[in-house]
Amino acid sequence: MKLTKTLLATTALTVAAGAAVAESHGNMANSMTLVSWGGAYQSSQDNAYVKPYVEMHPDVSVSWDESSAEAVAKLRAMNEAGNITWDLVDVVASDAIRLCDEGLAMEIDHDEMLAPGDDGSDASDDFGDLIVSDCYIPQIVYSTTFGYRTDMVPEGVDAPSDICSVFDLETYPGKRALEKRPINNMEWALLCDGVEKADVYDVLETEEGQDRALAKLDTIKDQVVWWNAGADTPQLLADGEVFMGSTYNGRLYSAIVEQDQPIGMMWDAQVFDLDGWIIPAGLPEDRLARVMDFVRFATDTQRLADQAKYISYGPARASSAPKVPEDMKMHMPTDPANAENTFLYNYEFWADYRDDIDAKFQAWLAQ
Amino acid sequence: MSDASNDPAQMEGPTPEKGLAAAEKTGPMLAADGTPLKRSLARALRRQKIRALMLIAPLLLFVLVTFIAPILDMLFRSVENQIVSETLPRTVVVLEDWDGTSGELPGDPVFRAAYEDIFLAAEYKLHTRLGTRLNYELTGVSSLFRKSGRGLDDIGEVYQDQFEDLNENWDEGLFWAELMGSDSWLADAQGWQEGQPLPEFELREGMADLLPRTSAAYQDFARFTRVEDEENLIDEEPWTLVHTALYEDLSAGDVSGYSGPHAAELQAAADLVASPDFETADIRAVFEEIDEDWLDIEVWQTIKTYSPNYTSGYFLNAVDMQKTPEGPALRDEDERIYGLLFKRTLFMSMVITFSCIALAYPIAYLLATLPSRTANLLMILVLLPFWTSLLVRTSAWKVMLQQQGVINDVLVWIGLVDDANRLVMINNQFGTIVAMTHILLPFMILPMYSVMATIPPSYVRAAKSMGATNFTAFRRVYFPQSIPGIGAGSILVFILSIGYYITPEIVGGTTGTFISNRIAYHISSSLNWGLAAALGTILLAVVLLLYWAYDKIVGIDNVKLG
């Protein structure tokens, strides 16, 4: 009898305590589905801000969906079905612009919804130009760049340090791995065909310019292995299948530092791009409240700096830069030594020309 | 056995034939309850049929709702094109009178309609969606629409500023609401409290005749404010579009007869518009200022060409053609790809099917003829890859076939191939055929095996005992009986491989990819779902056509799965 009473009392207390906790959070949902890319990048997010957040809010459960590569298509389908199951989606900048264009992502008031920088600056100043769309909350800066096999550099020749060595089969024989899409490849080809950096997109707008880029790519076409997934190039390099290949700099970092492969970085003409969050449009109020709470925490100065401990991508906030660990700085795409010659990806150009140039590129590939 | 007979006439006892014969003599045969047996039987059968139908009804419904309906819905997108006429309703109507082949830009009414349409679309955030849609047809439209969304405010601001300079009330939500709204609505709106549903806007009587354009624009604004913004209209400053419409109404008509609220202000505004100092905005010039592409005739041709609710444009794209004002035309040679991919998909699927037949036949034969203990072990070896992840199997082929891979290493080691000239066996057609043959092999072996297992070995023995050689016995006795298995396996393998996606994507390189890879690209990357649906529809049609041809040539009754 006594035992039962005690049990009942504890149960009642627990229920009351639970209710109190729920009360203190207002009406926030207690679960979140985050969408990311999987692999080392997702685990850097997990370590830097999801785990700390869950420690602070033990009643919140977080599940991951590794669907970022198809995020735009899936969000569109969810929107049509009227059932949004995602709460926060990690996408690259061009996808964020498309999602915002299609009304699938929520517009953000950066200053109001995000934490100010710990140097006191407003969030919108802290992120600066990286806010490429009203819906976008940038997290990191990454770059698409080249890695090469240090043991396959021919004797008596310097290691490649110029983007045009990709097209120089005489000095650097061997296969190349390039992404199976026109973006970046067309720009590099024009740069190495004598076009000034500032004129690349003006030239690429024209029919002749596109033919010129494809003609340049044609010179190495039979030496190229085309990749679809970012993990392909490190694998091809590790197997010695290719001499050099393009991929995301974080993938090369883990091949070099964590797996100790004989791979060197060639940072010349690396193409910067962004990765960040968007919040799907039309979330119910309680889920939105939870996501806003999480995002505010997850994109503050310290959390973004923490992420750089786990992966060699530069934090998107200016105020996070001084907090990046010293031994990671040399691997960052934004490090002055690496960023001597960088190339800016033109989102608007590709939004317009993507369909057209891709058709040409694929037809050229299939020939 | 010799006295056994199937002839019913010689059988003893009751037979259906005898019953019928008896019924003809004695009138309709009756059931126990007195109704004619025929009717009673039909009723019983019908009841049985309904019961059977009800038993499968849940499954049927399930398949309809979750499988057939979504597929039809997806395929239907290949002709759907309402987005243009829904986003630009006024422009589409006015464009009908414009001759796209005349070489002249459309007139001012079209620009005026486009201004209103794009202005509204931008408020509803639909203009960029339309830009994406039309960008599939004409490069550059995407940014054209994105830029225009904000830029079109410039037109109305010219008028808004002047009206506001005249009287600040022209920027007040309440002032406008009192002018445009009916008294009963106004009372509701003023009495509205947070949490209640917002009252639906009602136009003041006579306003639609007095200020037709302003009324229309203000009603659009009222609907947007109530439904999208969920704000009270009387607190909201109207769009600049409303000011433009007011200018147009005032310059076109006389408002001196109006005596409702704010008649004096309205008359003052009309006097202002009539004065020579009043500044007007040239809509076409503003469009040009936003982007001079708006004066490019191709943009208007594209909008006109794609204005119908249903379009053949996606299907034309899917066969390397395009719509032009002059009718369908082939695309530029350097953009044609789908014809090549369709042909390649069919050709490679056939090669894969034949290599599967060649490899599977001996294995199935062994399985069917070996003693069951050995056969079971073999069977497990056949099924083992089946239980392994598809990705693992495909990646394993990568390890085997690549230039630094197992096969090349062995060939170099035994000296067959020079180290500098390792064979290229992957990222091309060869790699795709090898990997897919391996992956689809069980689908060929299993139907073959189940057919071969039913062929009695005594037939071949009988043939041999009558003097046939091994080969003749196989060719004339065994092989014809195994054909249904080959047929079933071939259909399975061919249809599976024609829609295969992952393996060609991973090992196909540039020459070994299928049409399905392009469909996947348009579904998940370019988001051109209409084109993806058109490609999918064509693929489905091709498969059905081949199935029909197979039925005509071989006969579908000849297919056995067991």
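Residues numbered from 1 in each chain as written. Chains lettered and ligands numbered in written order. Predicted model: local features only at pLDDT ≥ 70, side-chain atom pairs only at ≥ 80, totals over all residues. Heavy atoms only, no water.

Along the backbone of chain A there are 15 helices and 10 strands. Looking at the 367 residues of chain A, the share that counts as buried comes to 55%. By element, 51% of the accessible surface of chain A is carried by carbon and sulfur atoms, the whole surface being about 15100 Å². Of note, chain A has its 26 positive side-chain charges centred 7 Å away from the centre of its 64 negative side-chain charges. (Helix = DSSP H or I, 4+ residues; strand = E, 2+ residues; numbered from the N terminus. Buried < 20%, exposed > 50% of the residue type's maximum accessible area, 1.4 Å probe, protein only. Areas by Shrake-Rupley, 256 points an atom, 1.4 Å probe, with all protein chains shown as cover. Lys, Arg positive; Asp, Glu negative; His and termini not counted. Charge placed at Lys NZ, Arg CZ, Asp CG, Glu CD.)

Contact with chain B, which involves 41 residues of that partner, is made by 38 residues of chain A. Approximately 3400 Å² of surface area, both sides summed, lies buried where chain B meets chain A, with 43% of it carried by carbon and sulfur atoms. There are six salt bridges connecting chain B and chain A. At the junction of chain B and chain A, the tally comes to 20 residue pairs in polar contact (both at pLDDT 80 or more). It is helix H7 (residues 141–151) of chain B that provides the largest number of residues to the side of chain B that touches chain A, a total of six residues. Of the residues in the side of chain B that touches chain A, the class split is nine nonpolar, 18 polar and 14 charged. (Contact = heavy atoms within 4.5 Å. Buried area = accessible area lost by both parts, 1.4 Å probe. Salt bridge = Lys/Arg side-chain N within 4 Å of Asp/Glu carboxyl O. Polar contact = N/O pair within 3.5 Å; in protein donor to acceptor, adjacent residues only side chain to side chain. Nonpolar A, V, L, I, M, F, W, Y, C, P; charged D, E, K, R; others polar.)

What follows concerns the pairing of strand E3 (residues 88–92) of chain A. All names here are of chain A. Of all five residues in E3, five are buried, a share of seventy percent or more. Burial of the side chains of E3 extends over both faces: Leu-88, Asp-90 and Val-92 are buried on one face and Val-89 and Val-91 on the other. Of the pairings in the sheet, the one linking strand E1 (residues 31–35) to E3 comprises two bridges and is parallel in character. Note on E3: the bridge partner recorded for Leu-34 is Leu-88. (Pairing = 2+ DSSP bridges.)

Tallied over the entire structure, the rule returns 37 salt bridges over all chains. Asp87(A) is the salt-bridge partner of Arg287(A), the closest N and O atoms lying 2.7 Å from each other. Linking Arg287(A) in helix H12 (residues 285–298) with Asp87(A) in the loop between helix H3 (71–81) and E3, this pair joins segments that are 200 residues apart in sequence. Pair check on accessibility: Arg287(A) and Asp87(A) agree, each one buried. Of the charged contacts in the structure, one is a salt bridge between Glu107(A) and Lys125(B), with a shortest N-O distance of 3.8 Å. In this pair, Glu107(A) is assigned in the loop between helix H4 (93–101) and helix H5 (110–113) and Lys125(B) in the loop between helix H5 (108–123) and helix H6 (127–135), connecting two distinct chains. For Glu107(A), a relative accessible area of 36% gives the class partly exposed. A relative accessible area of 39% places Lys125(B) in the partly exposed class. Each of the salt bridges in this network shares a partner with another, and the network as a whole consists of Arg90(B), Arg112(B), Glu116(B), Asp117(B), Arg213(B), Asp220(B), Arg223(B) and Glu248(B).

Residue and element names in this part refer to chain A. By the assigned domains, chain A splits into domain 1 (26–135 + 279–329) and domain 2 (143–273 + 336–366). A C-alpha centroid distance of 29 Å is found between domain 1 and domain 2. The interface is formed by nine residues belonging to domain 1 together with nine residues belonging to domain 2. Between domain 1 and domain 2, a total of about 800 Å² is buried, with carbon and sulfur atoms accounting for 53% of that surface. Summed over the three residues of domain 1 that lose the most area to domain 2, namely Ser-94, Ser-312 and Tyr-313, the buried surface amounts to 45% of that side. Here domain 1 is connected to domain 2 by zero salt bridges. Our count for the domain 1 to domain 2 interface comes out at two residue pairs in polar contact (both at pLDDT 80 or more). In terms of residues, the side of domain 1 that touches domain 2 owes the most to one element, H4, which gives four residues. Within the side of domain 1 that touches domain 2, the residues separate by chemical class into six nonpolar, two polar and one charged. (Domains from an automatic or database assignment.)

This part is about the domain arrangement of chain B. Interface size, as often reported, equals the accessible area lost upon joining of the parts. Residues and elements named next belong to chain B. Splitting chain B by domain gives domain 1 (32–76), domain 2 (86–151 + 283–333), domain 3 (171–274) and domain 4 (338–558). Relative to domain 4, the C-alpha centre of domain 2 lies at a distance of 47 Å. In this complex, domain 2 contributes seven residues to the contact, which on the side of domain 4 involves 12 residues. When the two sides are added together, the surface that domain 2 and domain 4 hide from each other amounts to roughly 760 Å², 65% of it contributed by carbon and sulfur. Seen at the junction of domain 2 and domain 4, the total is zero salt bridges. Our count for the contact surface shared by domain 2 and domain 4 stands at five residue pairs in polar contact (both at pLDDT 80 or more).

Overall, the predicted model of chain A reaches an average pLDDT of 90, with 93% of residues at or above 70. This model gives residues 1–24 of chain A a pLDDT under 50, and the stretch forms one contact once residues within four places in sequence are excluded. (pLDDT = per-residue confidence, 0-100.)

This paragraph deals with a positive patch on the surface. A contiguous patch of positive charge on the surface is contributed by Arg39(B), Arg43(B), Arg46(B), Arg47(B) and Arg51(B). Here Arg39(B) is to be found in helix H2 (residues 37–76). (Patch = residues over 30% accessible without salt bridge, like charges linked within 9 Å, V, L, I, M, F, W, Y side chains within 5 Å.)

Attention now goes to the nonpolar core. Soluble, globular proteins show a tendency: their nonpolar side chains are buried together. Within the largest apolar cluster, 92 residues are counted, with the highest numbers of intra-cluster contacts made by Tyr49(A), Met186(A), Leu217(A), Ile278(A), Phe294(A) and Trp350(A). Two domains each provide a minimum of three residues to this core, namely domain 1 (26–135 + 279–329) and domain 2 (143–273 + 336–366) of chain A. Each residue touching Tyr49(A), except ones within four places of it in the same chain, is listed here: Gln139(A), Trp277(A), Phe294(A), Phe297(A), Ala298(A), Arg303(A), Leu304(A) and Gln307(A). Of all hydrophobic cores here, the second largest spans 67 residues; its members include Phe111(B), Phe145(B), Ala189(B) and Ile283(B). (Core = buried A, V, L, I, M, F, W, Y, C linked by side-chain atoms within 4.5 Å.)

Residues and elements named next belong to chain A. Position of Ser-67 relative to the elements: it lies in the loop between strand E2 (61–65) and H3. Within the local environment of Ser-67, its side chain forms a polar contact with the side chain of Asp-65, the two groups lying 2.5 Å apart. Looking at Ser-67, its side chain comes within polar contact range of the side chain of Lys-74, at 3.4 Å. The contact partners of Ser-67, leaving out residues within four places of it in the chain, are Val-35, Ser-36, Lys-74 and Trp-86.

Moving on, we come to H2(B). Since the α-helix turns once every 3.6 residues, residues separated by three or four places project in the same direction. For H2(B), spanning 40 residues, the distance from its first C-alpha to its last is only 50 Å, which falls clearly below the expected 58 Å at 1.5 Å a residue. Residue Ile56(B) marks the point of greatest curvature in H2(B), where the axis turns by about 45°; the proline Pro58(B) follows within four residues. (Expected span 1.5 Å × (residues − 1). Bend = angle between axes of the 7 residues up to and from the residue.)

Before going further, it helps to examine the side chain of Ser246(A). Structurally, Ser246(A) can be placed in strand E7 (residues 244–248). Discounting chain neighbours no more than four positions away, the residues touching Ser246(A) are Thr144(A), Thr145(A), Phe146(A), Ala177(A), Leu178(A), Glu179(A), Trp188(A), Trp227(A) and Thr233(A).

This next bit is on the state of the cysteines. Residue and element names in this part refer to chain A. Following the criterion strictly, the structure yields two disulfides over all chains and no others. Bridging Cys-100 to Cys-135, the disulfide has an S-S length of 1.9 Å. Here the disulfide of Cys-100 and Cys-135 is right-handed, its torsion about the S-S bond being about 70°. Separated by 35 residues along the polypeptide, Cys-100 in helix H4 and Cys-135 in the loop between helix H6 (123–127) and strand E4 (137–149) bring together distant segments of the chain. Disulfide partner of Cys-164: Cys-192, at an S-S distance of 2.3 Å. Classification of the bridge connecting Cys-164 and Cys-192 rests on its S-S torsion, roughly -100°, and on that basis the disulfide is left-handed. (Disulfide = S-S within 2.5 Å.)

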